[in-house]
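Chain by chain, the residues run as shown.
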Amino acid sequence: MTTTLIIEPRWIWDAAGGLRGDHYVVVQGNRIADVTRDRPTMEAERITLPDGLLIPGFVNLHNHAFSAPLFRGLADDIGDGDLPGDIVYSLLMPMGDIAAETLSPEEIGDVAEMALLETLKGGSTTIMDVWRLQQAPFIERGRRLGLRTYSCPYLFSTPKMDMTPDGKPITAPPAADTGFDTVLSLFHRYDEGPMGRTRVGYGPHGLDTCTPELLQQIGRTAEEIGCPLTIHAAQSQVELDIVRERYGKSPIEHLRDLRLLRPGTVLAHCVMATDDELAIIREYGAAVASCPYAFARSGFGVPFARFLDSGIRLGVGTDGVGLDMVAELRAAQMLAKVQAGRAGIASAERMLRAATADGAAAIGRHDLGTLAPGATADLLLFDLAGARYQPVWNPLQALLTNGVAADLHSLLVDGVALLRDHRVVVADEAAVVKRGAAAIRRVWDTARSMGRIPKGVAERGAI
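Residues numbered from 1 in each chain as written. Predicted model: local features only at pLDDT ≥ 70, side-chain atom pairs only at ≥ 80, totals over all residues. Heavy atoms only, no water.

Re the domain arrangement of the chain
In plain terms, the rule: The domain boundaries here were taken from an automatic or database domain assignment. By the convention used here, residues are in contact when the closest approach between their heavy atoms is within 4.5 Å. What gets called buried area is simply the loss in accessible area from a 1.4 Å probe that two parts show on being joined, summed for both. Salt bridge, as used here, is a side-chain nitrogen of Lys or Arg placed within 4 Å of a carboxyl oxygen of Asp or Glu. Pairs of N or O atoms are called polar contacts if they sit within 3.5 Å, as long as, within protein, a hydrogen donor faces a hydrogen acceptor (for residues adjacent in sequence, only side-chain-to-side-chain pairs). Starting at the N terminus, helices and strands are each numbered in turn, a helix being any DSSP run of H or I of at least four residues and a strand any DSSP run of E of at least two. Three categories are distinguished: nonpolar for Ala, Val, Leu, Ile, Met, Phe, Trp, Tyr, Cys and Pro, charged for Asp, Glu, Lys and Arg, and polar for the others, with Gly belonging to the last.
The domain architecture assigned to the chain consists of domain 1 (4–56 + 374–423) and domain 2 (58–363). For domain 1 and domain 2, the distance between their C-alpha centres works out to 29 Å. Every contact between the two is made by 26 residues of domain 1 and, on the other side, 25 residues of domain 2. Between domain 1 and domain 2 the total buried area reaches about 2000 Å² when both faces are included, carbon and sulfur atoms providing 69% of it. Taken together, the links from domain 1 to domain 2 amount to three salt bridges. Note that Asp414 is salt-bridged to Arg148, the shortest N-O span being 3.0 Å. Run the count over domain 1 and domain 2 and you get six residue pairs in polar contact (both at pLDDT 80 or more). Breaking the side of domain 1 that touches domain 2 down by element, the ones donating at least two residues are strand E7 (52–56), strand E20 (379–383), helix H15 (395–402), strand E21 (408–413) and strand E22 (416–420). Among the elements that take part in the side of domain 1 that touches domain 2, H15 stands out by supplying six residues, more than any other. A class-by-class count of the residues in the side of domain 1 that touches domain 2 yields 18 nonpolar, six polar and two charged.

Here we look at the sheet that holds strand E2 (residues 11–14)
We apply this condition: Following DSSP output, two strands are said to pair if at least two bridges run between them. The angle between two axes is taken between their N-to-C directions and runs from 0 to 180 degrees, where each axis is a line fitted to C-alpha atoms and a helix contributes only its stretch in contact.
Taken together, seven strands build an open sheet; the order of strands is E3-E2-E7-E20-E21-E22-E23 and the sheet is mixed. Single-partner strands in this sheet number two, and they are strand E3 (18–21) and strand E23 (423–424). Here E21 pairs with E22 via three bridges, running antiparallel. Among the inter-strand pairings, Leu412 is bridged to a residue of E22, identified as Ala417. Taken strand by strand, H15 contacts E2, E3, E7 and E20, and its axis lies near 85° from that of E7.

Description of the state of the cysteines
Linking two cysteines covalently via their sulfur atoms produces the bond known as a disulfide. For the record, the criterion: We call a pair of cysteine sulfur atoms a disulfide whenever their separation is within 2.5 Å.
Across all of its chains, the model carries zero disulfides by this definition. Cys152 carries a free sulfur, and the closest cysteine sulfur to it, the one in Cys227, is 7.4 Å from it.

Digging into the pattern of salt bridges
The condition that has to hold: Under the scheme applied here, a residue whose accessible area is under 20% of the maximum for its type counts as buried, over 50% as exposed, and between as partly exposed, the area being computed with a 1.4 Å probe on protein chains only.
Tallied over the full model, the rule gives 29 salt bridges. With its nearest N and O atoms 3.4 Å apart, the salt bridge here joins Asp110 to Arg435. In this pair, Asp110 sits in helix H3 (residues 105–121) while Arg435 sits in helix H16 (residues 429–449), placing the two residues 325 residues apart along the sequence. Overall, the relative accessible area of 37% leaves Arg435 in the partly exposed class. The salt bridge involving Arg141 is made with Glu113; its shortest N-O contact spans 2.7 Å.

Observations concerning the layout of surface pockets
Under the convention used in this document: For each structure, a 1 Å grid was placed over the protein atoms alone; sets of points admitting a 1.4 Å probe that cannot get out are labelled cavities, open sets with protein on both sides within 12 Å along at least five of seven lines are labelled pockets, and lining residues have an atom within 4 Å of a point. Grid points are joined across faces, edges and corners, and a volume is the space filled by probe spheres set on the points.
Quantified by volume, the largest pocket comes out at close to 910 Å³. Residue lining of the largest pocket: 42 residues in total, with Asp86, Ile87, Val88, Leu92 and Ser298 positioned closest to the centre. When contributions to the lining of the largest pocket are tallied by element, the ones reaching two or more residues are helix H1 (67–70), helix H2 (87–102) and helix H10 (292–297). Element by element, the count of residues in the lining of the largest pocket is highest for H2, at five residues. Across the lining of the largest pocket, the residue classes tally to 20 nonpolar, 15 polar and seven charged.

Side note on the pairing of E20
When a strand is regular, its side chains alternate between the sheet's two faces. Of all five residues in E20, five are buried; the element is thus mostly enclosed. The side-chain alternation of E20 yields two buried faces, one formed by Leu379, Leu381 and Asp383 and the other by Leu380 and Phe382. Pairing of E20 with E21, which is carried by four bridges, proceeds in the antiparallel orientation. From the neighbouring strand, Leu380 faces E21, where its bridge partner is Leu411.

Overview of the packing of helix H12 (residues 325–340) against helix H13 (residues 348–355)
Helix packing for two helices is described by the angle between their axes and how far apart those axes are. What counts is decided by this rule: An angle below 35 degrees is read as roughly parallel, one above 145 as roughly antiparallel, one from 65 to 115 as roughly perpendicular, and any other as oblique. By definition, any crossing whose near helix is turned counterclockwise from its far helix by less than a right angle is left-handed, and any crossing with a clockwise turn is right-handed.
The contact between H12 and H13 brings their axes to 10 Å, and the two run at 130°. Considering the angle they form, H12 stands oblique to H13. As H12 runs across H13, the sense of the crossing is right-handed. Taking contact as the criterion, the partners of Met325, Leu329, Ala332 and Gln333 in H12 are, on H13, Ala348, Met351, Leu352 and Ala355. Looking at the contact of H12 with H13, its residues break down into seven nonpolar, one polar and no charged.

Focus: the packing of helix H5 (residues 180–190) against helix H6 (residues 212–225)
In the contact formed by H5 and H6, the axes pass within 12 Å of each other and the chain directions differ by 15°. Judged by the inter-axis angle, H5 sits roughly parallel to H6. In the crossing of H5 with H6, the sense of the turn from one axis to the other is right-handed. Contacts from Phe180, Leu184 and Phe187 in H5 reach Leu214, Gln217, Ile218, Thr221 and Ile225 in H6.

Below you can see the structure in the form of structure tokens.
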């Protein structure tokens, strides 16, 4: 029997219809059945919120959920001399290796579930997440919580990444098994098809860690089976130097020549891309997932204003740092205004569009990111009754300027409430956090005993 839910907020917004007051949204099953100015009289469950703002669910276009708790405090306030060079090579990837070697599948699942709860509470209803093959329990934990997940496991041609003491990147010999077949097996086991809630695809790490042959194999297969595809691109000077030395071109040019620039491909970061390269991305129809908060932590300003002005298809992700999409959108918005010197750039409407309709279009899901009748009912209801919002002149500006994800009243995926009345209803949050935190502390203890936590970082750690 199809259930009916009527949502009665003060305002509704989506990119197509704009901001509207005093509308009602009727959800039947997993779909939006109606959006109307007339209050429905049918017998149905109702969520009534006099100061509520209802918007489509956020599409978190690039995330590493497992990384958020793993690097919490370890990757912050990095000082001169703390790391021998690029943070990806010298800290993030080696620590990921230690976690993979230390934790059992059950513990990995506990960490993933804890991080996914945080992501859910941050407003993400759809998450494109990139994780190591050992972290495959992510899929089951995401399904258990009811989230919409696009799992794109890392693939490497040279899996071990590190830095020499003088800051030069090193990699292990080429891998006999890149993980290609494992991902294909996960796809056949879990993927629910283009309109499904659980998707599985390919997430080759980058152009500096994957051979052209592996990338072309992935590209052909992704087209054949219709799976998601995402890759880090132009994310660091180290990557640019390696790609240019090996192939005599930039990462974006390399992607184009490998025929991986196309609609449906999500490029993570692109912070080093030139204006001409952004034009290439726009021409070929790929999307860029930008994560300003993560880069700001390392002292780098993502060129978000240039992204907006370039006309590329632009989405936003949390990249495994805060996992809070409201905070991520605010960081991106303020960064763009400062970069451009224009207060009018990166309006609340433009930022919310990037996190809803544009993110949904990037993964080919035009049924998401909208409040139109017939759309999938992935929804967020924010409570703007608190002092930080009142009085409300414009609810969208109020949310992005003053809001916090903790004011999320309800979150629905496929018409099912995963969060209701500010409370997660699909898991015992305290128990999940207890298990996940214990697993991460075990990784930290192992890394400390191996001397893999840099001295300056270790000295600032809790006793």
